[in-house]
Amino acid sequence: MVAFSSAFISAAVAALYVSGAASAPTPSTNGPAAVVARAPGVTHTVVAGLGGLHFDPENVVANIGDVVEYHYLPMNHSVAQSSFAKPCVPINNNAFFSGFMPTPSGQNPNVFTITVNDTQPIWFYCSQTKGSHCQNGMAGVINQNFNSPNTLSAYKAAAALTGTSISPPRIGGGVVGPNPNPLGGF
Ligand SMILES: *[C@@H]1O[C@H](CO)[C@@H](O)[C@H](O)[C@H]1NC(C)=O
Ligand SMILES: *[C@@H]1O[C@H](CO)[C@@H](O)[C@H](O)[C@H]1NC(C)=O
Ligand SMILES: [Cu+2]
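Structure report, in brief. What you are looking at is a predicted structure, and each value in this text was computed from that prediction instead of being measured. (Residues numbered from 1 in each chain as written. Chains lettered and ligands numbered in written order. Predicted model: local features only at pLDDT ≥ 70, side-chain atom pairs only at ≥ 80, totals over all residues. Heavy atoms only, no water.)

Taken together, the residues surrounding ligand 1 are Asn 76, Phe 100, Pro 102 and Gln 128. In this structure, an oxygen atom belonging to ligand 1 sits 2.4 Å away from a side-chain N or O atom of Asn 76. Gln 128 is positioned with one of its side-chain polar atoms (N or O) 2.7 Å from an oxygen atom of ligand 1. Summarising the interface, the protein chains cover 40% of the accessible area of ligand 1, which totals 360 Å² for the free molecule. A class-by-class count of the residues in the shell around ligand 1 yields two nonpolar, two polar and no charged. (Near = heavy atom within 4 Å. Polar contact = N/O pair within 3.5 Å; in protein donor to acceptor, adjacent residues only side chain to side chain. Areas by Shrake-Rupley, 256 points an atom, 1.4 Å probe, with all protein chains shown as cover. Nonpolar A, V, L, I, M, F, W, Y, C, P; charged D, E, K, R; others polar.)

As structure tokens, this is what we get:
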């Protein structure tokens, strides 16, 4: 997916460059804007269970409109949304939740995708209680505020002190769909 996205962006940028060069021999006010423009819905792949009880990457920087696509490795992970203040429990009744993705081997045939709607930090965790995944570091963040004490390491430290995890009441807040690259290795 990363390779595909990069190629796609490269193609898009090349197309902008070519069209800009063809139509604008001298710099115009439209030039810089065209270069800054990016493909909508750039996809960030996050792999649940890569390197043990871990999301990889676990600290994602995404723009509004980007998509975060969660892939699942063995054994039986989920992704759920919490607040910073209360790790390992749903942020509210509308917390996004992928459901559990039991995966005996390889990658799960499904992925869970969420759309980034704003620039606020989004905290996520695996709600698997068997093995205490969240308490053992299976947590991550999208758009951490790097000027804030609310860091991922602070979140994980607080998570480790929670007794157990709670799953959101229902799957939602994102889309469960077919894995676009189920045989891709991580
Ligand atoms: C996956 O984990 C959930 C939550 O612990 C559990 O309810 C479910 O039975 C598990 N599925 C499998 C196939 O182990
Ligand atoms: C973004 O907005 C959509 C539509 O309202 C919502 O379903 C989704 O959960 C939101 N994404 C996040 C990460 O909250
Ligand atoms: Cu897990």
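Don't stop here, the text continues.
Next up on the list: the sheet that holds strand S2 (residues 55-56). Spatially, S2-S1-S4-S8-S11 is the arrangement adopted by the five strands of the open sheet, whose pairing is mixed. Each edge of the sheet is formed by a strand with only one pairing partner; in this case those strands are S2 and strand S11 (175-178). (Pairing = 2+ DSSP bridges. Helix = DSSP H or I, 4+ residues; strand = E, 2+ residues; numbered from the N terminus.)

For strand S1 (residues 43-48), a buried count of five out of six residues is recorded, marking the element as mostly surrounded by other parts of the structure. Alignment of S1 against S2, held across two bridges, turns out to be antiparallel. Considered in S2, the bridge of Val 47 is made with Asp 56. (Buried < 20%, exposed > 50% of the residue type's maximum accessible area, 1.4 Å probe, protein only.)

Following the criterion strictly, the structure yields one salt bridge and no others. Across the salt bridge formed by Glu 58 and Lys 156, the nearest N and O atoms sit 2.6 Å from each other. Of this pair, Glu 58 sits in the loop between S2 and strand S3 (59-60) while Lys 156 sits in helix H3 (residues 152-160); the two residues are 98 residues apart in sequence, bridging distant segments of the chain. (Salt bridge = Lys/Arg side-chain N within 4 Å of Asp/Glu carboxyl O.)

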